[in-house]
Amino acid sequence: MLKPAVVIDSGSRFTRGGFAGQEQPQCVLRTLLPCSLGTPWDPWQPRPGTESPCCSTPAPRRCPLRYGLVEDWHSMRTLWDHLICCCLKVSPEEHPVLLAESPSCPGTDRVKAAEVLFEGLGVPALHLANTGFLSLCAHGRVTGLAVEAGAAVSHVTSVWGGQTLRKGTRSLGVAGDHLSRYLHQLLLQQSHTEPSGLQALTKKVLTQLKEQCCYVSLDYEGDLQEEGSHHPARFQTPDGRWITLGKERFCCPEPLFRPELLQLSCPGLHQLAWQSLHTVPQQARRHVLGNIVLSGGSSMFPGFPERMCLELNLLLRGAGVHIEVLASPKRATAAWAGGSMAASLTSFQHTWMTKGEYQEHGAQYVHTKFQ
């Protein structure tokens, strides 16, 4: 009898780990990232309220992930080994691993992940699952549309009867990191704050500022014209400086819906959702429309669910349906929670790719096992 599965979701900003059946990840580590604003950080420093005991495992020196895709497999293996052995304090040889994978993950990465986990860490069984599908699982759905807004990339994924419709997967190169940089730009353009203080803002402070003060407007053009439509917010930096935000509060997340604000000629997230919906078989479309879920840290802006709902209803006007979106207060970790829920089900146990199957068929078997 295998011990409880370890569930891992490695995002561009954080890597979450814990055991199947838990409501929240037991350990959350920073995933190493390029310091775009010149701010070094301890790669193994956990988020507040999480435990991450020190151990002798060497920290990787390179960035494992970029835009949600693995660039450095040696560092990725070291990160997973640290998470399982040092944070969760278990042996990887004794626990199956459910690994959440990016919707835009190429087939070669799935094969490499299997090689790393079976050969490098010696896990007894493995399951690879799309984060969009897992986000739906967190809401008790196996059919629907997952709209994920993360740190480095955003995705839309259509799922029908537990099967990811890969032709319906869409990605958007606008996410949390881009919005933080855009907020920095907007602040530097305002004249009532000392430029030198704004120039020195770190990525960490910008992220806190964005998360605490910004929101999505339901009428962007109208709010831009109406000076009194938005209330200023004040934020104190760690060095004691005060920053006042006006229209920057709702301008910051707007590129999720208007990528052209970042000089990108691509559809917004709501338009990608509309495109993805049209790849779903006609007879299934109404069912999918009734199960649109939001997930990811960049979906946590106040007003984001309402704006997504508004935009989709405008795009589908005349279709005879009224769309509601599902936005759990815990949607920032929905993919991990969905993996935890799925891996704890008795009906899920036959879906594991075992070490014996790996040895018999090779790593390419992931394409057969996890379609």
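We now turn to the structure provided with this report. (Residues numbered from 1 in each chain as written. Predicted model: local features only at pLDDT ≥ 70, side-chain atom pairs only at ≥ 80, totals over all residues. Heavy atoms only, no water.)

### A look at the overall build of the protein chain
Across its full length, the protein chain holds 14 helices and 15 strands. Considering the protein chain as a whole, with its 371 residues, one finds that 56% of them fall into the buried category. (Helix = DSSP H or I, 4+ residues; strand = E, 2+ residues; numbered from the N terminus. Buried < 20%, exposed > 50% of the residue type's maximum accessible area, 1.4 Å probe, protein only.)

### Re helix α6 (residues 203–213)
Burial in α6 covers these residues: Lys203, Val205, Leu206, Thr207, Leu209, Lys210 and Cys213. Summarising the contacts, the buried residues of α6 are in contact with α4 (176–189), β11 (233–236), β12 (242–245) and α8 (248–251). (Contact = heavy atoms within 4.5 Å.)

### Focus: helix α11 (residues 304–315)
The end-to-end C-alpha distance of α11 is 17 Å, a good match for the 16 Å that twelve residues give at a rise of 1.5 Å each. For α11, every residue scored as buried is listed here: Phe304, Pro305, Arg307, Met308, Cys309, Glu311, Leu312 and Asn313. Contacts made by the buried residues of α11 are with β8 (144–149), α7 (220–225), α9 (269–277), β13 (292–295) and β14 (325–326). (Expected span 1.5 Å × (residues − 1).)

### Some points on the sheet that holds strand β1 (residues 6–10)
Taking strand neighbours across the sheet as the criterion, the six strands line up as β3-β2-β1-β6-β7-β15 in an open arrangement whose pairing is mixed. Lying at the two open borders of the sheet, with one neighbouring strand each, are β3 (27–30) and β15 (353–354). Sheet topology places strand β6 (residues 97–101) next to strand β7 (residues 125–130); five bridges connect them, and they run parallel. From the neighbouring strand, Leu98 faces β7, where its bridge partner is His127. Sheet strands in contact with helix α2 (residues 107–120) are β6, β7 and β15, and its direction is about 150 degrees off that of β7. Those strands touched by helix α3 (residues 131–138) are β1, β6 and β7, and its axis lies near 90 degrees from that of β7. (Pairing = 2+ DSSP bridges. Axes fitted to C-alpha atoms, helices over the stretch in contact; angles between N-to-C directions.)

### Digging into the environment of Gln349
In this fold, Gln349 is placed in the loop between α12 (334–343) and β15. Separated by 222 residues in the primary sequence, Gln349 and His127 place their C-alpha atoms 9.9 Å from one another. With residues near it in sequence (within four places) discarded, Gln349 still touches Ala343 and Ser344. Engagement of the side chain of Gln349 in a polar contact is seen with the backbone oxygen of Ala343, the distance being 3.2 Å. Within the local environment of Gln349, its side chain forms a polar contact with the side chain of Trp352, the two groups lying 3.0 Å apart. (Polar contact = N/O pair within 3.5 Å; in protein donor to acceptor, adjacent residues only side chain to side chain.)

### Looking at the environment of Leu198
Position of Leu198 relative to the elements: it lies in helix α5 (residues 195–199). Spatially, the C-alpha atoms of Leu198 and Ile243 are 8.5 Å apart, while their sequence positions differ by 45 residues.

### Re the layout of surface pockets
What the second largest pocket holds in volume is close to 510 Å³. Lining the second largest pocket are 26 residues, and of these His127, Phe133, Gly162, Gln163 and Phe348 sit closest to its centre. Secondary-structure elements contributing two or more residues to the lining of the second largest pocket are β7, α3, β10 (163–172), α12 and α14 (366–369). Sorting elements by how many residues they give to the lining of the second largest pocket places β7 first, with four residues. In the lining of the second largest pocket, the residues fall into ten nonpolar, eleven polar and five charged. (1 Å grid on protein atoms, 1.4 Å probe; cavity = no way out; pocket = protein on both sides within 12 Å on 5 of 7 lines; lining within 4 Å. Points joined across faces, edges and corners; volume = space filled by probe spheres on them. Nonpolar A, V, L, I, M, F, W, Y, C, P; charged D, E, K, R; others polar.)

Just distances and angles here, no functional claims.
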